[in-house]
Amino acid sequence: MVTTATKTLEPKPVLVFDSGIGGLTVLREARVLMPERSFVYVADDAGFPYGGWEEDALRAHILDLFARLLEEHDPEICIIACNTAFTLVGSDLRAAFPEMTFVGTVPAIKPAAERTRSGLVSVLATPGTVKRAYTRDLIQSFATQCHVRLVGSQNLARMAEAYIRGEAVADGDVLSEIEPCFLDSDGRKTDIVVLACTHYPFMANVFRRLAPWPVDWLDPAEAIARQARRKVPLIDNAEHPDGFDLAVFTSGNPDFSTRRLMQGFGLRV
Ligand code: DGL
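Computed from a predicted structure; not experimentally measured.

A. The overall build of the protein, seen in detail. Tallying secondary structure elements over the protein gives 11 helices and 12 strands in all. Relative to its length of 269 residues, the protein is compact, with a C-alpha radius of gyration of 19 Å against a globular reference of 18 Å. Once the C-alpha set of the protein is aligned to its principal axes, its extents read approximately 70 × 40 × 35 Å. Per-residue burial for the protein yields a buried fraction of 52% across its 269 residues. In the protein, of all internal contacts separated by at least 6 residues, the share reaching a separation of at least 24 is 77%. Carbon and sulfur atoms form 48% of the exposed surface of the protein, whose accessible area is close to 12600 Å².

Take a look at the structure:
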């Protein structure tokens, strides 16, 4: 029990980070498992989308940003709810801020390789994530017995942002982004598609409806939240402080529909 003589200490917040609003798919799971904690949700919308950034520039940008975020918010831990960021900069963050615990998000290639029956797995991600050495290493380490197709989508992260804000997204546009995931060869068909961008689970229902055949769409959000729960100490009698959690946008100026979305998630901008 962590208490002073007179009152229970207020637990530090958990910081959840993404380039945009995709990390909300992880935040909603993390809240279920850590109801006593407050959260700070950080969207680097000034840098969005991360998928097309040159690697050195993105690494420097994120390290610089975290120096400020850790100073400003003093979190208990940080969840990097972004494959594109963590596959590039996860080890640099840990080296630069050794006192902080970083829980990362990486493409769920290992569980997909364990579950596939056909041996054909696709990884749907940003162009950045499919290029990463980290992603190739995951395949080498855990999936050499499978055929893993990497599909880097230029547009899906933006489409998911529009979709979750309530804007119309044409079926044909979505289909042309997901279609390359579906492989039918020698009587075998892709049976698992890894959602390796935290934006994509928001569109999972659309993907299911448009898919040429049913597959398992693997969303790692719950597993990430469980990993975070293991790292965040339980404090007796701690309660979530009343009111909203905080959302921070690096642009300083999210538009009206984004603000409304944040409110719907119980986040104060
Ligand atoms: N949500 C991010 C991810 O998990 C990427 C979106 C982007 O910035 O392109 O990779």
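B. Structural view of the pairing of strand β3 (residues 77-80). Burial along β3 is two-sided: the residues Ile77 and Ile79 and Cys78 and Ile80 are all buried. Alignment of strand β1 (residues 14-18) against β3, held across 4 bridges, turns out to be parallel. Paired with valine 16 across the two strands is isoleucine 79, which belongs to β3. Sheet topology places β3 next to strand β4 (residues 102-103); 2 bridges connect them, and they run parallel. Bridge pairing in β4 places isoleucine 79 opposite valine 103. In terms of handedness, the path from β3 via helix α3 (residues 83-96) over to β4 forms a crossover that is right-handed.

C. Structural detail: the sheet that holds strand β5 (residues 120-125). What the 4 strands build is an open sheet, ordered β6-β5-β9-β10; its pairing is parallel. For this open sheet the edge positions go to β6 (147-152) and β10 (216-218), each flanked by a neighbour on one side alone. With strand direction ignored, the average angle separating the axes of adjacent strands in the sheet is 20°. Bridging between β5 and β6 involves 6 bridges; their strand directions are parallel. The residue bridging valine 121 from the neighbouring strand is valine 148, located in β6.

D. Main features of the packing of helix α1 (residues 24-33) against helix α10 (residues 221-231). Orientation of α1 relative to α10, taken along the N-to-C sense of each, is 45°, at an axis distance of 8 Å. On the basis of the axis angle, α1 is oblique to α10. For the crossing formed where α1 meets α10, the hand is right-handed. Contacts between α1 and α10 involve Thr25, Val26, Glu29, Ala30 and Leu33 from the former and Ala221, Glu222, Ile224, Ala225, Arg226 and Arg229 from the latter.

E. Up close: the UniProt feature "binding site: substrate" (unreviewed entry) in the protein. Feature annotation in UniProt assigns "binding site: substrate" (unreviewed entry) to the following positions: Asp18, Ser19, Tyr50, Gly51, Asn83, Thr84, Thr198 and His199. A maximum C-alpha distance of 12.1 Å places the annotated residues, which cover 182 residues in sequence, within one compact spot. Mapping serine 19 onto the fold places it in the loop between β1 and α1. Once residues within four sequence positions are removed from consideration, serine 19 is found in contact with Ala43, Asp44, Asp45, Phe48, Tyr50, Cys82 and His199.

F. Local environment of the packing of aromatic side chains. Following the criterion strictly, the structure yields 9 aromatic pairs and no others. Taken together, a centroid distance of 6.5 Å and an interplanar angle of 80° make the contact between phenylalanine 202 and phenylalanine 265 edge-to-face. In this pair, phenylalanine 202 is assigned in the loop between β9 (192-195) and α9 (204-210) and phenylalanine 265 in the loop between α11 (256-264) and β12 (267-268), connecting sequence segments 63 residues apart. For phenylalanine 202, a relative accessible area of 10% puts it in the buried group.

G. A look at the nonpolar core. Counting 27 residues, the largest nonpolar core has Val14, Val16, Leu24, Ile79, Met262 and Leu267 as the members making the most contacts within it. Every element with two or more residues in this core is listed here: β1, α1, β2 (39-43), β3, α10, β11 (245-249) and α11. Beyond its immediate stretch of four places on either side in the chain, valine 14 contacts Met34, Arg37, Ser38, Phe39, Val40, Ile77, Ile79 and Val232. Among the nonpolar cores identified, the runner-up in size contains 22 residues, and Phe17, Ile62, Phe86 and Phe102 belong to it.

H. Spatial organisation of helix α6 (residues 133-142). The set of residues buried in α6 consists of Thr135, Leu138 and Ile139. All buried residues of α6 project into a common sector of 95° when viewed along the axis, lining one side. Exposed positions of α6 whose direction lies more than 90 degrees from the buried face are Ala133 and Gln140. Considering only its buried residues, α6 is in contact with α3, α4 (109-115), α5 (127-131) and β6.

I. Main features of the side chain of threonine 25. Looking at where threonine 25 falls in the secondary structure, it is placed in helix α1. Taking the relative accessible area as the measure of exposure, threonine 25 reaches 1% and is therefore buried. From its side chain, threonine 25 meets the backbone oxygen of glycine 22 in a polar contact 2.8 Å long.

So, how was this worked out
Residue numbering note: each chain is counted from 1, following its sequence as written. Local features in this predicted model are restricted to residues of pLDDT 70 or higher, and side-chain atom pairs are both shown and tallied only at a pLDDT of 80 or more, whereas totals for entire chains, interfaces and linings draw on every residue. With hydrogens and water set aside, each side-chain value is computed from the structure's full complement of heavy atoms. Helix and strand labels come from DSSP, where a helix needs a run of H or I of at least four residues and a strand needs a run of E of at least two; each type is numbered from the N terminus. Radius of gyration: over C-alpha atoms. The globule rule applied is 2.2 Å multiplied by the number of residues raised to the 0.38 power. For each residue, the accessible area found with a 1.4 Å probe, counting protein chains only, is set against the maximum for its type, and the residue is called buried under 20%, exposed over 50%, and partly exposed in between. Contacts are residue-level and defined by heavy atoms, with any inter-residue pair within 4.5 Å sufficient. Here the Shrake-Rupley method, with its probe set to 1.4 Å, supplies the accessible areas, and only the displayed protein chains count as covering residues. DSSP bridges decide pairing: two strands pair if at least two such bridges lie between them. With the strands aimed away from the viewer, a crossover counts as right-handed if its path from the first strand over the helix to the second runs clockwise. Angles here are taken between N-to-C directions and fall from 0 to 180 degrees, while the axes themselves are lines fitted to C-alpha atoms, restricted in helices to the stretch in contact. Comment on the angle field: the value is read as roughly parallel under 35 degrees, roughly antiparallel over 145, roughly perpendicular from 65 to 115, and oblique elsewhere. Helix crossings fall into two classes, left-handed where the near helix is turned counterclockwise from the far one by less than a right angle and right-handed where it is turned clockwise. UniProt positions are given in the numbering used here, feature names are shortened, and annotations may be inferred rather than shown by experiment. Under the pairing criterion, centres of Phe, Tyr and Trp rings, with the six-membered ring standing for Trp, must be within 6.5 Å; the plane angle then separates stacked pairs below 30 degrees from edge-to-face pairs above 60, leaving the rest tilted. Residues belong to a common nonpolar core when they are buried Ala, Val, Leu, Ile, Met, Phe, Trp, Tyr or Cys residues joined through side-chain atoms within 4.5 Å. In this description, the arc belongs to the directions extending from the helix axis to the C-beta atoms. Here a polar contact means two N or O atoms within 3.5 Å. Within protein one must be a hydrogen donor candidate and the other an acceptor candidate, and residues neighboring in sequence count only if both atoms are side-chain atoms.

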